[in-house]
Amino acid sequence: MQVVKLKNLHDAACRNIRSIGKYKGYDRGSNKNKAILEEVFNRLMNEEYNYFSLISDESFKCYTRSPKNDNCIQLSVGFYKNGILYPTYDRQFFTAKDMIEEGYQSGLYQVA
């Protein structure tokens, strides 16, 4: 199992706004997160990865090849309450750009 980190960009975004766009840390972090997600999308599509899943005791977010549609990636989302997983929705992505634009939760993800 490999662990990947998607950086939290909240503080960098606030600093970028206060500096009227002169602080470049947000752009660097955002570009790095996008590059990670694009690579994950491609590896999932090529079946090099089976899943990309958030490591969390509260939230469930897992990207896999879609069982519903060929040639796309599915994001399955839910939450844990009293140790029970409650699924809330899933979403299909045909491109890495669509997956990135959906938004993502920062944190540690496991890849396998």
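This report concerns the structure included in the present document. (Residues numbered from 1 in each chain as written. Predicted model: local features only at pLDDT ≥ 70, side-chain atom pairs only at ≥ 80, totals over all residues. Heavy atoms only, no water.)

## Quick look at the state of the cysteines
Going through the model one piece at a time under the given rule, you end up with zero disulfides. Distance from the sulfur of C62, which forms no disulfide, to the nearest cysteine sulfur (C72) is 14 Å. What makes C62 buried here is its relative accessible area of 11%. (Disulfide = S-S within 2.5 Å. Buried < 20%, exposed > 50% of the residue type's maximum accessible area, 1.4 Å probe, protein only.)

## Describing the nonpolar core
By size, the foremost hydrophobic cluster in this structure holds 21 residues, and its most contacted members are F41, L44, F52, Y63, I73 and M99. Those elements that provide at least two residues to this core are strand 1 (2-6), helix 2 (25-45), strand 2 (51-54), strand 4 (73-81), helix 3 (96-102) and strand 6 (107-111). Of all the elements, helix 2 adds the most residues to this core, at six residues. (Core = buried A, V, L, I, M, F, W, Y, C linked by side-chain atoms within 4.5 Å. Helix = DSSP H or I, 4+ residues; strand = E, 2+ residues; numbered from the N terminus.)

## Examining the environment of T64
Looking at where T64 falls in the secondary structure, it is placed in strand 3 (residues 59-65). Measuring from C-alpha to C-alpha, the distance between T64 and F79 comes to 17 Å, with 15 residues separating the pair along the chain. Each residue touching T64, except ones within four places of it in the same chain, is listed here: L44, N50, Y51, C72, I73 and Q74. (Contact = heavy atoms within 4.5 Å.)

## Focus on the sheet that holds strand 6
As summarised here, the arrangement of the six strands in space is 1-6-2-3-4-5, forming an open sheet in which the pairing is antiparallel. Unpaired on one side and paired on the other, strand 1 and strand 5 (84-93) mark the two borders of the sheet. Neighbour-to-neighbour, the strand axes of this sheet turn through a mean angle of 20°, independent of strand direction. Taken together, the five bridges between strand 1 and strand 6 define a ladder with antiparallel strand orientation. Paired with V3 across the strands is Q110, a residue of strand 6. Each of strand 1, strand 2, strand 3, strand 4 and strand 5 is contacted by helix 2, which is oriented at about 140° to strand 1, the strand it contacts most. (Pairing = 2+ DSSP bridges. Axes fitted to C-alpha atoms, helices over the stretch in contact; angles between N-to-C directions.)

The values reported here are purely geometric and, on their own, carry no functional implication.
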